[in-house]
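Listed below, chain by chain, are the residues.
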Amino acid sequence: MQSSKFNFSTAGDGSAEPGSVSQDEAGTKRSKRKGGCDREEPGERRRVSGQSSAEVPCVDLRQYLREKGGSLQEHEAKIMMRQLVEAATELHSKHVFHCDIKLENIIVETGSDVPRVHVTDFSCGCVAGEGYYRLFSGIPEYAPPEWYKHMRYKARPTAVWQLGVVLYGVLDGHGSFDTLRFLRRKLPISSELSQNCQELLRMCLSKVPKQRPTLKQLQHHPWLQ
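All values reported here derive from a predicted model rather than from experimental measurement. (Residues numbered from 1 in each chain as written. Predicted model: local features only at pLDDT ≥ 70, side-chain atom pairs only at ≥ 80, totals over all residues. Heavy atoms only, no water.)

A. Highlighting helix α7 (residues 195-204). The set of residues buried in α7 consists of Cys 197, Gln 198, Leu 200, Leu 201 and Cys 204. Buried residues of α7, seen end-on, are gathered within an arc of 160° and therefore sit on one face of the element. Each element contacted by the buried residues of α7 is listed here: α3 (74-93), α5 (155-172) and α8 (215-219). (Buried < 20%, exposed > 50% of the residue type's maximum accessible area, 1.4 Å probe, protein only. Helix = DSSP H or I, 4+ residues; strand = E, 2+ residues; numbered from the N terminus. Arc of directions from axis to C-beta. Contact = heavy atoms within 4.5 Å.)

This is how it looks when you write it as structure tokens:
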């Protein structure tokens, strides 16, 4: 699936709107990983082209975290998370399953006063259905627990899991997330976070897919208000 056709940017107020990433102008490199999915090399400076012809400098979220000292404060993470939940909701309403939501596939406009994020790289994406998927094309470290346990997973609970992984990553600041390490209780949720934030993380990162909130429920969670 060509990434430029299904990129969605979200405005600073959390509303979703169609956007695009100009891969040629960004000059990003492409590489292969197991599973045959293309990805962009992390940390490279890029430019976003939206509905106008203006170009905006941006970096992927992992590089943005490095420049911020490794993690974000809750208030900034909340602004980004609102936008990501809106984007994921918009994608699934159009029957698009990204399958590989991660720090490197989220870009942040560096010239914006309010953090403005874009979901990019749909090379692992597919049509979002209601049934099970058995081949996982995204990064294994972000795969949901049910894939490791039953070798199958569903689109919407996986999207919620990966949003939880991203939120954990931007708040933690201690390296990369790994599903198996998290399940072995090697990656605890920080007690220094607000209670609402801890609750949201536990809900998104539930081992049981049916216990995770829906995307619509996420939108109305107290932490995101």
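Once the structure has been displayed, the description carries forward.
B. Structural context of the pattern of salt bridges. Evaluated as defined, the whole model comprises seven salt bridges. In this structure, Asp 100 and Lys 102 form a salt bridge, with 3.5 Å as the shortest nitrogen-oxygen distance. In terms of burial, Asp 100 and Lys 102 fall into one category: buried. Here Glu 146 ties to Arg 212 by a salt bridge, and the two come within 2.7 Å at their closest N and O atoms. Placement of Glu 146 in helix α4 (residues 145-150) and of Arg 212 in the loop between α7 and α8 is noted, with a sequence separation of 66 residues between them. Overall, Glu 146 belongs to the buried group, its relative accessible area being 7%. Accessibility expressed as a relative area gives 5% for Arg 212, which makes it buried. (Salt bridge = Lys/Arg side-chain N within 4 Å of Asp/Glu carboxyl O.)

C. Representation of the packing of α3 against α5. Between α3 and α5, the least distance of the axes is 11 Å, while the angle of their chain directions is 160°. Taken together, the axis directions place α3 and α5 in an arrangement best described as roughly antiparallel. By crossing handedness, the relation of α3 to α5 is classed as right-handed. Taking contact as the criterion, the partners of Glu 74, Ala 77, Met 81, Leu 84, Val 85, Ala 88 and His 92 in α3 are, on α5, Ala 155, Arg 156, Ala 159, Leu 163, Gly 164, Val 166, Leu 167, Val 170 and Leu 171. For the contact of α3 with α5, the per-class residue count stands at twelve nonpolar, two polar and two charged. (Axes fitted to C-alpha atoms, helices over the stretch in contact; angles between N-to-C directions. Parallel < 35°, antiparallel > 145°, perpendicular 65-115°, else oblique. Left-handed = near helix turned anticlockwise from the far one by under 90°. Nonpolar A, V, L, I, M, F, W, Y, C, P; charged D, E, K, R; others polar.)

D. Representation of the nonpolar core in the model. With 46 residues, the main nonpolar core has Leu 61, Leu 163, Leu 167, Val 170, Phe 177 and Leu 201 as its most contacted residues. Those elements that provide at least two residues to this core are α2 (61-67), α3, β9 (106-109), β10 (117-119), α5, α7 and α8. If you tally residues by element for this core, the top one is α5, at nine residues. If we ignore the near neighbours within four places in the chain, the residues touching Leu 201 are Gly 164, Leu 167, Tyr 168, Leu 171, Ile 189 and Leu 193. The next biggest cluster of nonpolar side chains, apart from the first, holds nine residues, and it includes Phe 97, Cys 99, Tyr 133 and Trp 147. (Core = buried A, V, L, I, M, F, W, Y, C linked by side-chain atoms within 4.5 Å.)

E. Spatial organisation of the pairing of β9. Side-chain alternation along β9 places Ile 106 and Val 108 on one buried face and Ile 107 and Glu 109 on a second face that is also buried. Relative to β9, strand β7 (residues 55-60) runs antiparallel, the two sharing three bridges. Residue pairing across strands places Val 59 opposite Val 108, the latter belonging to β9. Direction of pairing for β9 relative to β10: antiparallel, over a ladder of three bridges. Its bridge partner being in β10, Ile 106 is matched across the sheet by Val 119. (Pairing = 2+ DSSP bridges.)

F. Highlighting the packing of aromatic side chains. If you walk through the whole model with that rule in mind, you get twelve aromatic pairs. Seen from their ring centres, Tyr 133 and Tyr 153 are 5.6 Å apart, and the 20° between their planes marks the pair as stacked. On the criterion of sequence distance, the pair formed by Tyr 133 in the loop between β11 (126-127) and α4 and Tyr 153 in the loop between α4 and α5 is long-range, its members being 20 residues apart. Both residues of the pair, Tyr 133 and Tyr 153, belong to the buried class. An aromatic cluster of three or more residues is present, and its members are Phe 97, Tyr 133, Phe 136, Trp 147, Tyr 148 and Tyr 153. (Phe/Tyr/Trp six-rings, centres within 6.5 Å; stacked < 30°, edge-to-face > 60°.)

G. Main features of a positive patch on the surface. Together, Arg 134, Arg 152, Lys 154 and Lys 210 make up a region of like positive charge exposed at the surface. As for its placement among the helices and strands, Arg 152 is situated in the loop between α4 and α5. (Patch = residues over 30% accessible without salt bridge, like charges linked within 9 Å, V, L, I, M, F, W, Y side chains within 5 Å. Areas by Shrake-Rupley, 256 points an atom, 1.4 Å probe, with all protein chains shown as cover. Lys, Arg positive; Asp, Glu negative; His and termini not counted. Charge placed at Lys NZ, Arg CZ, Asp CG, Glu CD.)

Note that every value here comes from positions in space, so none of it alone points to a role or purpose.
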